[in-house]
Amino acid sequence: MSGLCSLVARRLLLGAVQTMAVVLLVFALTEALPGDAAVALAGDQPDPARIAAIREAMHLDRPAHERLADWATGLFHGDLGTSLTSGRPVGGYLAEGFGPTLLLATLTVALLVPIGFGLGMLAARHEGRPADRLISSVTLAVYAVPEFALGMLLVTVLALRPGGLPPTAVGYGTDLLGHPAVLVLPVLVLLSRPVCSLSRLVRAGLIDALASPYVAQARRYGVSGARVHCAHALPGALVPAVQQLARTLDWLLCGVVVVEALFVIPGLGTVLLNAVAERDVPVVQGLAVVFGVLTVVLNLGADLVAHRLAPRAGVAA
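Residues numbered from 1 in each chain as written. Predicted model: local features only at pLDDT ≥ 70, side-chain atom pairs only at ≥ 80, totals over all residues. Heavy atoms only, no water.

### Here we look at the overall build of the protein chain
- For the protein chain, the helix and strand inventory stands at 13 helices and 0 strands.
- Seen in sequence order, the protein chain has helices and strands lined up from the N terminus as α-α-α-α-α-α-α-α-α-α-α-α-α.
- When burial is assessed residue by residue, the protein chain has 40% of its 317 residues classed as buried.
- The contacts in the protein chain between residues at least 6 apart in sequence include a share of 71% that link residues at least 24 apart.
- Here the protein chain displays about 16,400 Å² of accessible surface, and carbon together with sulfur accounts for 68% of that area. (Helix = DSSP H or I, 4+ residues; strand = E, 2+ residues; numbered from the N terminus. Buried < 20%, exposed > 50% of the residue type's maximum accessible area, 1.4 Å probe, protein only. Contact = heavy atoms within 4.5 Å. Areas by Shrake-Rupley, 256 points an atom, 1.4 Å probe, with all protein chains shown as cover.)

Below you can see the structure in the form of structure tokens.
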């Protein structure tokens with residue numbers, strides 16, 4: 001129990017430091033971008049006097065460290081700040097974008113777990129045979145294709161023909177669940193690479209576990225093959241797979257910018273792109289905080305599950 005508490009304390013402390021570092025880095029990089037929100041709001045032919053007035057109204061004329069300090073103070077009170085371009089609370093942007101991103105992530109993970117684990121276990125069970133070689137070759141080839149290239153290929157094959165799938169989510173708003181055909185292509189693209197990496201991890205972990213001394217001992221005691229796979233080898237093989245699954249879920253929830261931009265999904269990735277384009281620093285910072293906290297929570301959960309599955313091996317912090 002003390003080891004578990006020590007693991008949680010270390011991970012929480014490390015996560016807090018990482019979140020602060022991400023926020024500071026994002027603020028610094030955003031400040032380094034040319035132009036600002038005042039220039040974007042002033043129009044195509046901005047008047048210097050108008051830009052100065054907008055900057056003063058938005059408090060952009062204050063030093064960067066003062067603006068950062070004010071925002072950090074509000075953050076401790078649960079206030080993520082206010083958009084510079086619209087005057088809306090940053091939390092409203094996050095609430096609007098989180099729904100589509102969460103829907104995509106949920107559907108992807110719901111398919112990823114059975115397919116990834118199933119392919120990995122099938123390949124490990126037939127190690128060195130045609131089924132194993134076929135699965136390994138196909139997953140390696142699919143993993144090598146970038147998301148945007150695969151997305152364009154799927155749009156060309158499945159969408160650009162009469163009666164095909166919708167190529168984008170334009171015109172459907174945020175009610176994506178009410179139009180499931182819109183979700184098919186994005187979910188296929190999101191599923192492609194994680195399935196490959198997860199199945200290969202499960203295969204490698206299961207092969208190593210089946211060659212371990214405790215599995216050999218179980219076989220000597222006459223334990224059946226199915227029970228050896230499921231009760232003795234699989235738990236140890238799941239440790240790297242669970243951690244990979246947590247990283248994949250983190251990647252999905254933190255806004256898959258390329259996929260959301262390609263299919264015009266109004267999720268967190270689109271919110272981030274628009275905020276960067278408009279130099280809307282509070283929105284970018286709010287997203288950075290949410291992404292940092294999600295990363296900490298998901299990786300902490302993965303470490304706890306891995307610690308439970310392999311308590312003797314421990315988990316690297």
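There is more to say after this.
### Overview of helix α5 (residues 90-125)
- Taking 1.5 Å of rise per residue, 36 residues should cover 52 Å, and α5 covers 50 Å from first to last C-alpha, within 8% of that figure.
- F98 marks where α5 bends most, by close to 30°; the proline P100 follows one to four residues later. (Expected span 1.5 Å × (residues − 1). Bend = angle between axes of the 7 residues up to and from the residue.)

### Describing the side chain of S83
- Here S83 shows up in the loop between α4 (64-76) and α5.
- Excluding residues that lie within four positions of it along the chain, S83 makes contacts with R88, V90, Y93, D280 and V283.

### Notes on the environment of G78
- Structurally, G78 can be placed in the loop between α4 and α5.
- Of the residues examined, G78 reaches a relative accessible area of 65% and is grouped as exposed.
- Separated by 13 residues in the primary sequence, G78 and G91 place their C-alpha atoms 9.7 Å from one another.

### Notes on the pattern of salt bridges
- The full count for this structure, using the stated rule, is 3 salt bridges.
- For E96, the salt bridge is made with R88, and the minimal N-O distance between the two is 2.8 Å.
- For R88, a relative accessible area of 32% translates into the label partly exposed.
- For R193, the salt bridge identified is with E147, shortest N-O distance 3.6 Å. (Salt bridge = Lys/Arg side-chain N within 4 Å of Asp/Glu carboxyl O.)

### What to know about the nonpolar core
- Ranked by internal contacts, the top residues of the largest apolar core, which has 38 residues, are L176, F263, V283 and L287.
- Counting residues per element, the ones that place at least two in this core are α5, α7 (147-159), α8 (181-210), α10 (225-253), α12 (268-277) and α13 (281-309).
- The contacts of V283, once residues within four sequence positions are left out, are S83, V90, Y93, V271 and A275.
- Counting 11 residues, the second-largest nonpolar core is a separate cluster that includes L112, F117, V195 and A302. (Core = buried A, V, L, I, M, F, W, Y, C linked by side-chain atoms within 4.5 Å.)

### Details of the packing of aromatic side chains
- Taken as a whole and judged by the stated rule, the model has 0 aromatic pairs.
- Across from the ring centre of Y93, 4.6 Å away, lies the NZ or CZ of R88, which sits over that ring.
- We note R193 situated over the ring of Y143; from NZ or CZ to the ring centre the distance is 4.4 Å. (Phe/Tyr/Trp six-rings, centres within 6.5 Å; stacked < 30°, edge-to-face > 60°. Lys NZ or Arg CZ within 6 Å of the ring centre and 35° of its normal.)

### Quick word on the environment of E260
- Within the fold, E260 resides in helix α11 (residues 257-262).
- From its side chain, E260 meets the backbone nitrogen of T270 in a polar contact 3.2 Å long. (Polar contact = N/O pair within 3.5 Å; in protein donor to acceptor, adjacent residues only side chain to side chain.)

### Describing the environment of V145
- Structurally, V145 is set in the loop between α6 (130-143) and α7.
- Each C-alpha atom, one on V145 and one on R193, is 8.3 Å from the other, the two residues being 48 residues apart in sequence.
- The contacts of V145, once residues within four sequence positions are left out, are L150 and R193.

### So, a nonpolar patch on the surface
- Taken together, the side chains of L13, V17 and M20 present a nonpolar region at the surface, about 310 Å² in accessible area.
- With respect to the secondary-structure elements, M20 resides in helix α1 (residues 2-32). (Patch = residues over 30% accessible without salt bridge, like charges linked within 9 Å, V, L, I, M, F, W, Y side chains within 5 Å.)

### Digging into α12
- Within α12 the residues assigned to the buried category are L268, G269, V271 and A275. What you see down the axis of α12 is that its buried residues fit within an arc of 160°, all on one side.
- Positive phi shows up at R279, right after α12, with a value of about 55°. (Arc of directions from axis to C-beta.)

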